[in-house]
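Given next are the chains, with one letter for each unit.
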Amino acid sequence: NAGVTQTPKFQVLKTGQSMTLQCAQDMNHEYMSWYRQDPGMGLRLIHYSVGAGITDQGEVPNGYNVSRSTTEDFPLRLLSAAPSQTSVYFCASSPDRRLFEAFFGQGTRLTVV
Amino acid sequence: DAKTTQPNSMESNEEEPVHLPCNHSTISGTDYIHWYRQLPSQGPEYVIHGLTSNVNNRMASLAIAEDRKSSTLILHRATLRDAAVYYCILRDVWGSGNTGKLIFGQGTTLQVKP
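These figures come from a predicted structure and were not determined experimentally.

Student: Describe the overall build of chain A, and please don't skip the residues or the numbers.
Tutor: Each helix and strand in chain A was counted, giving zero helices and eleven strands. In sequence order, chain A lays out its α and β elements as β-β-β-β-β-β-β-β-β-β-β. A globule of 113 residues ought to have a C-alpha radius of gyration of about 13 Å, and chain A, at 13 Å, matches this closely. Seen through its C-alpha atoms, chain A measures out along the principal axes to roughly 35 × 25 × 25 Å. With 113 residues in all, chain A has 50% of them scored as buried. The contacts of chain A with a sequence gap of at least 6 include a subset with a gap of at least 24, amounting to 53%. Surface accessibility of chain A: about 5,100 Å² in total, with carbon and sulfur atoms responsible for 50%.

Student: Which residues make up the sheet that holds strand β1 (residues 4–7) of chain A, and what values do they have?
Tutor: Backbone-to-backbone hydrogen bonds pair the strands of a sheet. The strands run either parallel or antiparallel. Residue and element names in this part refer to chain A. A sheet is described by the order of its strands in space; here four strands give the open sequence β1-β3-β8-β7, paired in antiparallel fashion. Looking along the sheet, the strands with just one partner apiece sit at the ends: β1 and β7 (64–66). In this sheet, neighbouring strand axes are inclined to one another by 20 degrees on average, regardless of whether the strands run parallel or antiparallel.

Student: For the environment of His19 of chain B, give the residues involved together with the corresponding values.
Tutor: All names here are of chain B. Structurally, the position occupied by His19 is in strand β2 (residues 18–23). Assessed through its relative accessible area of 45%, His19 is described here as partly exposed. Sequence spacing of His19 and Pro44 is 25 residues, and the spatial spacing of their C-alpha atoms is 19 Å. Aside from chain neighbours lying at most four places away, what touches His19 is Met10, Thr72, Leu73 and Ile74.

Student: Which residues make up the state of the cysteines, and what values go with them?
Tutor: Residues and elements named next belong to chain A. Tallying each qualifying case throughout the model produces two disulfides over all chains. Paired through a disulfide, Cys23 and Cys91 show a sulfur-sulfur distance of 1.8 Å. Measuring the twist about the S-S bond at about -70 degrees, one finds the Cys23-Cys91 disulfide to be left-handed. Remark: Cys91 occurs in strand β9 (residues 87–94) and Cys23 occurs in strand β3 (residues 19–25); sequence separation between them is 68 residues. Here the two residues Cys23 and Cys91 agree in accessibility, since each one is buried.

Student: Got a sec to walk through the pattern of salt bridges? Specific residues and values, please.
Tutor: Summed over all chains, the structure comprises six salt bridges over all chains. We note a salt bridge from Arg77 of chain B to Glu15 of chain B, for which the minimum N-O separation is 3.3 Å. Of this pair, Arg77 of chain B sits in the loop between β7 (70–75) and β8 (84–92) while Glu15 of chain B is found in the loop between β1 (9–13) and β2, placing the two residues 62 residues apart along the sequence. Take Arg77 of chain B and Glu15 of chain B: they sit in the same class, and that class is exposed. Overlapping salt bridges, with partners in common, bring together Arg36, Asp38 and Arg44 of chain A in one network.

Student: Just give me the short version of the interface of chain A and chain B, but keep the residues and values in it.
Tutor: Across the boundary between the two partners, chain A contributes 20 residues, which contact 22 residues of chain B. Between chain A and chain B, the buried area comes to about 1,800 Å², and carbon and sulfur atoms account for 54% of it. It is Arg98, Phe100 and Phe104 of chain A that lose the most area in chain A upon contact with chain B, and together they represent 31% of the buried surface on that side. At the surface where chain A touches chain B, the tally comes to four residue pairs in polar contact (both at pLDDT 80 or more). Of all the secondary structure elements, the ones that give two or more residues to the side of chain A that touches chain B are β4 (31–38) and β5 (42–51) of chain A. The dominant element in the side of chain A that touches chain B, judged by the number of residues it contributes, is β5 of chain A, at four residues.

Student: Got a sec to walk through unusual backbone geometry? Specific residues and values, please.
Tutor: With an omega of -5 degrees, the peptide bond between Thr7 of chain A and Pro8 of chain A qualifies as cis. Along the chain, Pro8 of chain A turns up in the loop between β1 and β2 (10–13). Although it is not a glycine, Arg68 of chain B adopts a positive phi angle of roughly 65 degrees. The residue Arg68 of chain B is located in the loop between β6 (61–64) and β7 in this model. Note on Arg68 of chain B: relative accessible area 9%, which makes it buried.

Student: Outline the packing of aromatic side chains, supporting the account with residue identities and numerical values.
Tutor: Scanning all chains against the criterion turns up ten aromatic pairs over all chains. With a centroid separation of 6.1 Å and 90 degrees between ring planes, the pair formed by Tyr35 of chain A and Phe104 of chain B is classed as edge-to-face. With Tyr35 of chain A in strand β4 and Phe104 of chain B in the loop between β8 and β9 (108–113), this pair bridges two chains.

Student: Which residues make up the side chain of Gln85 of chain A, and what values go with them?
Tutor: In this fold, Gln85 of chain A is placed in the loop between β8 (76–78) and β9. Dropping the residues within four chain positions of it, Gln85 of chain A is found in contact with Arg36, Asn62, Gly63, Tyr64, Leu78, Ser80, Leu110 and Val112 of chain A.

Rules used throughout
Residues numbered from 1 in each chain as written. Chains lettered and ligands numbered in written order. Predicted model: local features only at pLDDT ≥ 70, side-chain atom pairs only at ≥ 80, totals over all residues. Heavy atoms only, no water. Helix = DSSP H or I, 4+ residues; strand = E, 2+ residues; numbered from the N terminus. Rg over C-alpha atoms; globule rule 2.2 N^0.38 Å. Buried < 20%, exposed > 50% of the residue type's maximum accessible area, 1.4 Å probe, protein only. Contact = heavy atoms within 4.5 Å. Areas by Shrake-Rupley, 256 points an atom, 1.4 Å probe, with all protein chains shown as cover. Pairing = 2+ DSSP bridges. Axes fitted to C-alpha atoms, helices over the stretch in contact; angles between N-to-C directions. Disulfide = S-S within 2.5 Å. Salt bridge = Lys/Arg side-chain N within 4 Å of Asp/Glu carboxyl O. Buried area = accessible area lost by both parts, 1.4 Å probe. Polar contact = N/O pair within 3.5 Å; in protein donor to acceptor, adjacent residues only side chain to side chain. Phe/Tyr/Trp six-rings, centres within 6.5 Å; stacked < 30°, edge-to-face > 60°.

Quick look at the structure:
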């Protein structure tokens, strides 16, 4: 049982480049979300989705896009990378928005130079 | 969602019980208490949740004060693998503004000594 799978695990980008962080879950969960974690700031919600075709913004959505075409996948796109987006990114899924039990991926460590 | 207060850090000896406290004096009647932990270089991991009654699962126990203004996560026998940051989170899971957001504070860093 794979759970939540994030790829890549590590990435270095140059300022202005774009890329997509992949997130897939095999638990048929309706709810998925993206967080970023910066030192001393805890995890902050970027975007979330309550089901295929439905997405919404979290606390820090600027510079990121998401889409949810299937239940399994929830990719996060960085449109034009900036050094301020250097962070560790976590994808999470849960059966529904009550989040009684959320499953997190192992994270993607992104460095923008 | 109501605010929680946790100690910044705690120490424990291996194979001894650990009691991790969380204060939430402004908790509302519909706030659930969730606990997650984050091991070094890993994503957060669900531990346990409860509303009013004490809860047990294979990982831990959750003791909730009668007035619900505080709770305690109990690890019955700490192992080195339990060294992590533990987060206590309150969520009104039925609230109309519920976006499904987990608000992670600073948590308690648990160190387990062999």
